[in-house]
Amino acid sequence: SVETLSGTTFSATGTAGEYAVTLPLTKVGVHTLTASARNRGLDATDSVTVNPRAGRDSVKGVTLEASKSSLKVGDSTVLKVTLTDEYGNGVTGVAGSDIAINGALTGQDVSSLSW
């Protein structure tokens, strides 16, 4: 066995010269990985792409940000909702109808709100 990232270990697969490791990737993006034969000056590189999770069931965190926090009557603010998974990555594919705004909206016309 050969030590690698975060203490994970490569194990022989049963095929001569072949080793494998399961690497959990938790950040969205393109990750370039390099394997090397230590002290031999030999290495190989490959890239893997981790895509964001999709759908409302993947949402584990919500943040809300108003473009203006202090307004005068008749002014408006833009509300930005950010939906994230358990690793802090943005979640895609959530329908606007799955996002709700609540609070002190009594007497306010919110009929034109859409995400």
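Because the structure is a prediction, the values reported are computed rather than measured.

A. Expanded view of the overall build of the chain. Within the chain, the secondary structure is distributed over 0 helices and 7 strands. The order of α-helices and β-strands along the chain, N terminus first, is β-β-β-β-β-β-β. In the chain, which comprises 115 residues, the share counted as buried stands at 9%. When contacts within the chain are restricted to residue pairs at least 6 apart in sequence, those whose partners lie at least 24 apart make up 29%. For the chain, the accessible area works out to roughly 9100 Å², and carbon and sulfur atoms hold 49% of it.

B. Highlighting the environment of glutamate 65. When you line up the elements, glutamate 65 lands in strand E6 (residues 61–66). What makes glutamate 65 partly exposed here is its relative accessible area of 47%. With 14 residues separating them along the chain, glutamate 65 and leucine 79 place their C-alpha atoms 5.6 Å apart. With sequence-adjacent residues up to four places away left out, glutamate 65 is seen in contact with Val78, Leu79 and Lys80.

C. Molecular detail of the pattern of salt bridges. Counted by the stated rule, this structure contains 3 salt bridges. A salt bridge links aspartate 98 to arginine 56, with the nearest nitrogen and oxygen atoms 2.9 Å apart. Taken together, the residues span a long stretch of sequence, with aspartate 98 in the segment after strand E7 (79–84) and arginine 56 in the loop between strand E5 (42–50) and E6 at a distance of 42 residues. Its relative accessible area of 35% is what places aspartate 98 among the partly exposed residues.

D. Looking closely at the pairing of strand E4 (residues 29–37). In terms of strand pairing, E4 meets E5 through 9 bridges, oriented antiparallel. For threonine 34, the partnering residue across the bridge sits in E5 and is threonine 45. Between E4 and E5, which pair antiparallel in sequence order, lie 4 residues; one of them, asparagine 39, sits at a positive phi of approximately 65°.

E. The arrangement of the side chain of threonine 84 in detail. In this structure, threonine 84 sits in strand E7. For threonine 84, the contacting residues outside a window of four places in its chain are Ser58, Val59, Lys60, Gly61, Asn89, Gly90 and Val91.

F. Highlighting the environment of threonine 22. Residue position: threonine 22 is located in the loop between strand E3 (19–20) and E4. Taking the relative accessible area as the measure of exposure, threonine 22 reaches 69% and is therefore exposed. Separated by 13 residues in sequence, threonine 22 and threonine 9 place their C-alpha atoms 8.6 Å apart.

Each value, and the rule that gives it
Residues numbered from 1 in each chain as written. Predicted model: local features only at pLDDT ≥ 70, side-chain atom pairs only at ≥ 80, totals over all residues. Heavy atoms only, no water. Helix = DSSP H or I, 4+ residues; strand = E, 2+ residues; numbered from the N terminus. Buried < 20%, exposed > 50% of the residue type's maximum accessible area, 1.4 Å probe, protein only. Contact = heavy atoms within 4.5 Å. Areas by Shrake-Rupley, 256 points an atom, 1.4 Å probe, with all protein chains shown as cover. Salt bridge = Lys/Arg side-chain N within 4 Å of Asp/Glu carboxyl O. Pairing = 2+ DSSP bridges.

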